[in-house]
Amino acid sequence: MSDRRRMTRPFHLAWFVNFAVDEWNGPFSAGGTPWNGEFYIDMAKAMERACFDYIMLEDTLMISDSYGGSMDAYLKYALMGPKGDPAPLAALLGNHTSKMGVVATFSTMAYPPYMLARLCATLDNICGGRFGWNIVTSGENLAAQNFGMDELPPRQDRYDMADEYVELCRQLWMSWEPGAIVKDHATDTYVDYTKVHPIHFKGRYYKCRGPLNCVPPKQGNPQRPAFVQAGGSPRGRQFAAQTADSIIAVASSVKAMKAYRDDIRERAEKFGRDPDEVKVFFIASPVLAETEASAKRRFEAYTASIEYQVKTLASVSSITDIDFSQFDLDEELPHLTTNGEQGSLDAFAQWGSGKTLRQLCKDRATRGLDGFVGTPDQVADRMGEVMDEVGGDGFLISSPFQKVSREYILQVCEGLVPALQRRGLTRTSYAEPTLRENLKAF
Ligand SMILES: Cc1cc2nc3c(=O)[nH]c(=O)nc-3n(C[C@H](O)[C@H](O)[C@H](O)COP(=O)(O)O)c2cc1C
């Protein structure tokens, strides 16, 4: 163990995962049929033992054909599908855990705000005040086409709509005053109707009468779930800095991580927020083994395969609506922009680095962070160093192998996290009952 002693506060941990197949054809396969949720229940329990802040359930709303104009790579490698709906899984995970946060992704493009507000309020009650909504506006034309549109609205409009959408939801969650449920046996009164109010919301994009017809979220003052967001573009960052309790971000270097967090904190302050209330989690994909040499061997073998390049490029194509099969692996990328996930594209492409597309694919496995391939002790030391340099606030674990296996969950939860805890870098218990409070605890 390192004798380095950390002077600053510990950092937070979350895990980014799809409700999708596990590493079904690997040596530690759970069978490739996680659809009854049991695989993810086991995962959430392991994460709760390791005191993660939250499990974050990703979602997108289409089967892509952006790579090579075909669904082939996506379905063959089960890349963006098949997947399950995150809402029922969130309910299951909330029911099988008691302390960790459960975050699910719902798109403002897909749900009418009233349905979303009701769904989140219900989930927050099922999760006992530990639910979070990952607010996305969707980034793929193919998803828009599943909801009656020909293409996505421009990013600026999507976020303008999201601002209004979130405001409407906030009002619905507050349409029940605290204490509205009186449960008075003497007068046979469950709810005091004078404490429940229509909202008569009329905005530029949405109109809603209210009140909510379910009980408000359990997390109070104000009543709402935790908000998670991942804005990458300037407009997306503005939305995230104004709204989120926790931001999940991808960066391609420690310098870029620090610049992103500094920018978010500055923006949050301009909105009159305490920047310490906006916790930024950066994607990290450690490759772990008992020795550094075997971790490196595994990383090299995995990232050298043709399948790895195709899976990586298909994933990036999908979230950017750019067909990466058209570019030469041994050349630099031309400068590209997208109406989809611009921030994710920028982090992947490392503009100006001079790297070939093949190198960018390799970097994506560890998100460009050096020192994340090794033993749990080595990676724990490196995570501490990176956090010291960035200033906070945490890491969002994401499997470097694109899918999750029981082996990887074990390596992280029973290898890496204990190494972090021994160094005082991450929490060893939950101090608070709700997700929002646990995020603010340090
Ligand atoms: C770690 C991370 C997780 C994300 N998860 C989702 C997701 O589950 N569903 C989705 O539609 N978009 C997701 N996004 C995309 C973001 O919502 C956002 O569109 C993206 O970061 C680009 O930022 P921009 O919209 O400001 O260009 C994610 C982005 C990041 C960095």
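Residues numbered from 1 in each chain as written. Predicted model: local features only at pLDDT ≥ 70, side-chain atom pairs only at ≥ 80, totals over all residues. Heavy atoms only, no water.

Asks: What exactly am I supposed to notice about the overall build of the chain here?
Replies: Looking only at helices and strands, the chain has 15 helices and 14 strands in total. At 22 Å, the chain has a C-alpha radius of gyration in line with the 22 Å of a compact globule built from 442 residues. The contacts of the chain with a sequence gap of at least 6 include a subset with a gap of at least 24, amounting to 74%. Of the roughly 18,500 Å² that the chain leaves accessible, carbon and sulfur atoms contribute 50%. (Helix = DSSP H or I, 4+ residues; strand = E, 2+ residues; numbered from the N terminus. Rg over C-alpha atoms; globule rule 2.2 N^0.38 Å. Contact = heavy atoms within 4.5 Å. Areas by Shrake-Rupley, 256 points an atom, 1.4 Å probe, with all protein chains shown as cover.)

Asks: What's the story with the site of the ligand in this structure? I'm lost.
Replies: Close to the ligand lie 22 residues; Asp59, Tyr159, Ala230, Gly232 and Ser233 are nearest. Here an oxygen atom of the ligand and a side-chain polar atom of Ser233 are 2.6 Å apart. Contact distances for the ligand include 3.4 Å between a nitrogen atom and a side-chain N or O atom of Glu341. Contact with the protein chains removes 94% of the 610 Å² of surface that the ligand exposes when unbound. (Near = heavy atom within 4 Å. Polar contact = N/O pair within 3.5 Å; in protein donor to acceptor, adjacent residues only side chain to side chain.)

Asks: Got a minute to help me understand the UniProt feature "binding site: FMN" (unreviewed entry) in the chain in this structure?
Replies: Per the UniProt record, the feature "binding site: FMN" (unreviewed entry) sits at Asp59, Thr105, Tyr159 and Ser233. Checked against the element boundaries, Thr105 lands in strand β3 (residues 101-107). The exposure class of Thr105 is buried, given its relative accessible area of 3%. A distance of 2.7 Å separates a polar atom in the side chain of Thr105 from the backbone oxygen of Leu57. Ignoring anything within four residues of it in the chain, the contact list for Tyr159 reads Thr137, Gln229, Gly231, Arg235, Gly236 and Phe239. (UniProt positions renumbered as here; feature names shortened; annotations may be inferred. Buried < 20%, exposed > 50% of the residue type's maximum accessible area, 1.4 Å probe, protein only.)

Asks: How do you make sense of the packing of aromatic side chains when you look at a structure like this?
Replies: What the rule picks out here adds up to 23 aromatic pairs. Centre to centre, the rings of Phe11 and Phe395 are 5.4 Å apart; their planes meet at 85°, and the pair counts as edge-to-face. Here Phe395 lies in strand β14 (residues 394-397) and Phe11 lies in the segment before β1 (12-17), a separation of 384 residues in the sequence. Aromatic side chains Tyr54 and Phe281 sit 5.2 Å apart centroid to centroid with 40° between the ring planes, which places their arrangement in the tilted category. (Phe/Tyr/Trp six-rings, centres within 6.5 Å; stacked < 30°, edge-to-face > 60°.)

Asks: What should I look at first to understand a nonpolar patch on the surface in this one?
Replies: Together, Ile63, Met71 and Leu75 line one region of the surface with nonpolar side chains, adding up to about 250 Å² of accessible area. Here Met71 lies in the loop between β2 (54-57) and α2 (72-76). Take Met71: its relative accessible area is 43%, and that puts it in the partly exposed class. (Patch = residues over 30% accessible without salt bridge, like charges linked within 9 Å, V, L, I, M, F, W, Y side chains within 5 Å. Salt bridge = Lys/Arg side-chain N within 4 Å of Asp/Glu carboxyl O.)

Asks: Would you mind showing me how to read the sheet that holds β14 here?
Replies: Overall, parallel pairing links the 8 strands, which are arranged β1-β2-β3-β4-β9-β10-β11-β14 in a closed barrel. Neighbour-to-neighbour, the strand axes of the sheet open up by a mean angle of 30°, direction not taken into account. By the bridge criterion, 6 bridges tie β3 to strand β4 (residues 131-136) in an arrangement that is parallel. Paired with Ser107 across the strands is Val136, a residue of β4. Contacting β3 and β4, helix α4 (residues 113-126) crosses the sheet at an angle of about 150° to β4. Running at roughly 160° to strand β11 (residues 279-284), helix α8 (residues 254-270) makes contact with β10 (246-249), β11 and β14 of the sheet. (Pairing = 2+ DSSP bridges. Axes fitted to C-alpha atoms, helices over the stretch in contact; angles between N-to-C directions.)

Asks: How should the nonpolar core be read in this particular structure?
Replies: Soluble globular proteins tend to bury their nonpolar side chains together. Core analysis: the largest hydrophobic core is formed by 128 residues, its most contacted members being Trp15, Phe52, Trp133, Trp173, Phe324, Met383 and Phe395. Listed in part, the 12 residues of the second largest apolar core include Tyr54, Val228, Ile283 and Leu439. (Core = buried A, V, L, I, M, F, W, Y, C linked by side-chain atoms within 4.5 Å.)

Asks: Help me out: how do you make sense of the UniProt feature "domain: Luciferase-like" (unreviewed entry) in the chain in this one?
Replies: Sequence positions flagged by UniProt for "domain: Luciferase-like" (unreviewed entry) are, in local numbering, residues 41-392. Between the end C-alpha atoms of residues 41-392 there is a gap of 29 Å, over a span that is 42% helix and 13% strand.

Asks: Is there a simple way to explain the pattern of salt bridges in this structure?
Replies: Charged atoms that come close allow side chains of opposite charge to pair. Under the criterion given, the structure shown has 24 salt bridges. The salt bridge partner of Asp59 is Lys83, with a shortest N-O separation of 3.7 Å. Separated by 24 residues along the polypeptide, Asp59 in the loop between β2 and α2 and Lys83 in the loop between α2 and α3 (86-96) bring together distant segments of the chain. Under the relative-accessibility criterion, Asp59 is labelled buried at 16%. Put simply, Asp263 and Arg267 hold a salt bridge, and the shortest N to O gap is 2.9 Å. Of this pair, Asp263 and Arg267 both sit in helix α8, separated by 4 residues, roughly a single helical turn.

Asks: Looking at this model, I keep getting lost on α8. Mind explaining?
Replies: The periodicity of an α-helix, 3.6 residues per turn, causes residues three or four positions apart to be oriented the same way. Between its terminal C-alpha atoms α8 stretches 25 Å, which fits the 24 Å expected from 17 residues at 1.5 Å a residue. Within the span of α8, buried status applies to Val254, Met257, Tyr260, Arg261, Asp263, Ile264 and Ala268. Its buried side turned inward, α8 meets α7 (234-243), β10, β11, α13 (376-390) and β14. Looking one or two residues past α8, Gly272 carries a phi angle of roughly 80°, positive in sign. (Expected span 1.5 Å × (residues − 1).)

Asks: What's the story with the confidence of the model for the chain in this structure? I'm lost.
Replies: When pLDDT is low, close inspection of the predicted coordinates is not appropriate. Confidence in the prediction for the chain averages 95 pLDDT; 98% of positions are at 70 or higher. Long-range and interchain partners of residues 1-7, a stretch whose pLDDT sits below 50, account for 13 contacts in this model, where long-range means more than four residues apart. (pLDDT = per-residue confidence, 0-100.)

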